[in-house]
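Single-letter residue listing:
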Amino acid sequence: MLATAPDGILLVDKPQGISSHRVVSIARRRLGLKKIGHAGTLDPMATGLLLLGAGPSTRLLTHLVGLGKTYTATIRLGIGTDSDDADGTPTSVTGVLDADVSEDAVERAVAAQRGVIDQVPSTVSAIKVDGRRAYDLARKGEEVVLRSRTVTVSRFDVTGRTDHTITVDGTEVTVVDLDVVVDCSSGTYVRALARDVGAALGTGAHLVALRRTAVGPFDVTDAVDLEDDDVDVAGALQRPADVARRLFDVVMLDAAAAKDLTDGKRVAADHPDSDGPVAAVAEGGDRLVGLVSVRRGLLRVITNFPAPSVPGPSAGTDA
């Protein structure tokens with residue numbers, strides 16, 4: 001029996017020091033498949049959960065990008081950088097001796113970043129300004145002015161604190177490291193949270209560690225290490241039907257209705273009206289036929305998913 005081409009959502013635990021695009025490249029090689037995309041990147045310094053889509057499941061990625069995120073991070077008070085993280089160049093090395101960094105003051109500064117806030121993204125970011133990436137402009141020394149955007153920070157808690165002294169260019173600097181956990185909407189820059197907490201306290205601040213632990217219902221504990229040659233990457237793919245069940249309401253289709261929907265026909269279903277997406281799943285539960293809306297008892301396709309196919313020659317790359 002011929003195997004079907006890889007198709008599914010892959011949860012990856014990205015290591016520190018490589019780009020998200022490098023992770024995609026490794027996945028292409030491991031799966032022997034060119035058609036792989038992602039539902040949002042992580043900076044090279046960061047570790048943690050990346051969601052990749054393989055084959056037809058790349059069509060699901062647009063519905064994963066907007067899911068909420070959870071991070072753990074360490075904010076260093078006393079030093080600011082041009083990127084608001086440890087990969088950047090220090091812009092202020094004042095330490096915290098002249099700032100109020102008492103526990104009460106820190107809590108006030110953190111609390112001000114909770115809820116629905118207007119946040120100016122970090123200058124060194126992938127946001128486009130007149131068609132050019134902000135990080136490209138910043139690295140060329142050009143002035144970058146980014147507009148604020150509304151984001152939601154539903155949790156921002158300090159879970160640990162370390163007061164210590166480090167040496168920067170031969171000078172001892174007193175700093176405070178804050179371990180934090182953040183639940184936030186898509187588009188939130190945790191680096192910017194660090195920067196703004198420092199500003200509220202009258203000192204520079206940046207991230208020295210960042211780890212994404214969850215995206216929506218998906219947790220990094222279920223992710224794989226792509227650099228581990230013993231990992232069965234194809235076996236780790238989550239079926240699109242299983243992923244859709246975790247995100248959307250479900251309507252079950254018999255074989256005839258599944259074929260009609262695949263062929264682009266409108267299909268009757270006993271389901272309340274919904275703008276969707278609603279997951280249309282074939283009986284047996286192993287195939288996602290499509291994402292649909294429902295109007296007056298009829299399913300209307302938002303995104304169709306083809307039946308599993310037999311792979312052709314490998315189109316994988318090793319970049």
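Residues numbered from 1 in each chain as written. Predicted model: local features only at pLDDT ≥ 70, side-chain atom pairs only at ≥ 80, totals over all residues. Heavy atoms only, no water.

A. The arrangement of the environment of Leu 193 in detail. Along the chain, Leu 193 turns up in helix H4 (residues 190-201). As for Leu 193 and Val 153, which are separated by 40 residues in sequence, their C-alpha atoms are 9.6 Å apart. With residues up to four places along the chain from it excluded, the contact list for Leu 193 reads Gln 113, Ile 117, Gln 119, Val 153, Phe 156, Val 182 and Thr 188. (Helix = DSSP H or I, 4+ residues; strand = E, 2+ residues; numbered from the N terminus. Contact = heavy atoms within 4.5 Å.)

B. Region of the structure containing a negative patch on the surface. Residues Asp 225, Glu 227, Asp 228, Asp 229 and Asp 230 make up a contiguous surface patch of negative charge. If you trace the backbone, Glu 227 turns up in the loop between strand S13 (218-219) and helix H5 (233-236). On the accessibility criterion, Glu 227 (49% relative accessible area) is partly exposed. (Patch = residues over 30% accessible without salt bridge, like charges linked within 9 Å, V, L, I, M, F, W, Y side chains within 5 Å. Areas by Shrake-Rupley, 256 points an atom, 1.4 Å probe, with all protein chains shown as cover. Salt bridge = Lys/Arg side-chain N within 4 Å of Asp/Glu carboxyl O. Lys, Arg positive; Asp, Glu negative; His and termini not counted. Charge placed at Lys NZ, Arg CZ, Asp CG, Glu CD. Buried < 20%, exposed > 50% of the residue type's maximum accessible area, 1.4 Å probe, protein only.)

C. View of the sheet that holds strand S15 (residues 267-268). An order of S14-S16-S17-S18-S15 is seen for the 5 strands of this open sheet, with the pairing classed as mixed. The two strands at the open ends of the sheet, each matched to only one other strand, are strand S14 (249-253) and S15. The pairing of S15 with strand S18 (residues 298-304) spans 2 bridges and is antiparallel. Following the sheet pairing, Ala 268 is matched in S18 by Leu 298. (Pairing = 2+ DSSP bridges.)

D. Molecular detail of the nonpolar core. The biggest cluster of nonpolar side chains holds 48 residues, and the ones touching the most others in it are Ile 75, Leu 77, Phe 156 and Leu 226. With sequence-adjacent residues up to four places away left out, Leu 226 is seen in contact with Leu 10, Val 12, Val 23, Ile 26, Ala 27, Arg 30 and Val 233. Counting residues in hydrophobic clusters, the runner-up holds 22 residues, among them Ala 39, Leu 51, Phe 218 and Val 220. (Core = buried A, V, L, I, M, F, W, Y, C linked by side-chain atoms within 4.5 Å.)

E. Examining the pairing of strand S4 (residues 69-77) more closely. Among the 9 residues in S4, 8 count as buried, and that is most of the element. Where S4 lies against strand S11 (residues 171-184), 9 bridges are found, and the strand directions are antiparallel. Looking at S11, one finds that Ala 73 is bridged to Val 180. As paired strands, S4 and strand S12 (residues 205-215) are joined by 9 bridges and run antiparallel to one another. From the neighbouring strand, Ile 75 faces S12, where its bridge partner is Leu 207.

F. View of unusual backbone geometry. Between Gly 276 and the following residue, Pro 277, the backbone shows a cis peptide bond with an omega angle of 0°. We note that Arg 296 has phi near 50°; this positive angle belongs to a residue other than glycine. By the element assignment, Arg 296 lies in the loop between strand S17 (288-295) and S18.

G. Structural view of the pattern of salt bridges. For the coordinates displayed, the defined rule picks out 14 salt bridges. Here Arg 295 makes a salt bridge to Asp 275, at a shortest N to O gap of 2.1 Å. Separated by 20 residues along the polypeptide, Arg 295 in strand S17 and Asp 275 in strand S16 (residues 274-282) bring together distant segments of the chain. Arg 295 sits in the partly exposed class, given a relative accessible area of 33%. Connected through salt bridges with shared partners, the residues Glu 107, Arg 114, Arg 155 and Asp 157 form a single ionic network.

H. Local environment of the confidence of the model for the chain. Looking at the chain as a whole, its pLDDT mean stands at 91, while 90% of the residues score no less than 70. Counting interchain partners and residues more than four positions distant, the pLDDT-below-50 stretch residues 314-319 has 16 contacts. (pLDDT = per-residue confidence, 0-100.)

I. Layout of the side chain of Ser 20. Relative to the assigned elements, Ser 20 resides in helix H1 (residues 20-31). With near-sequence residues (within four places) excluded, Ser 20 lies in contact with Lys 14, Thr 41, Leu 42 and Leu 50.

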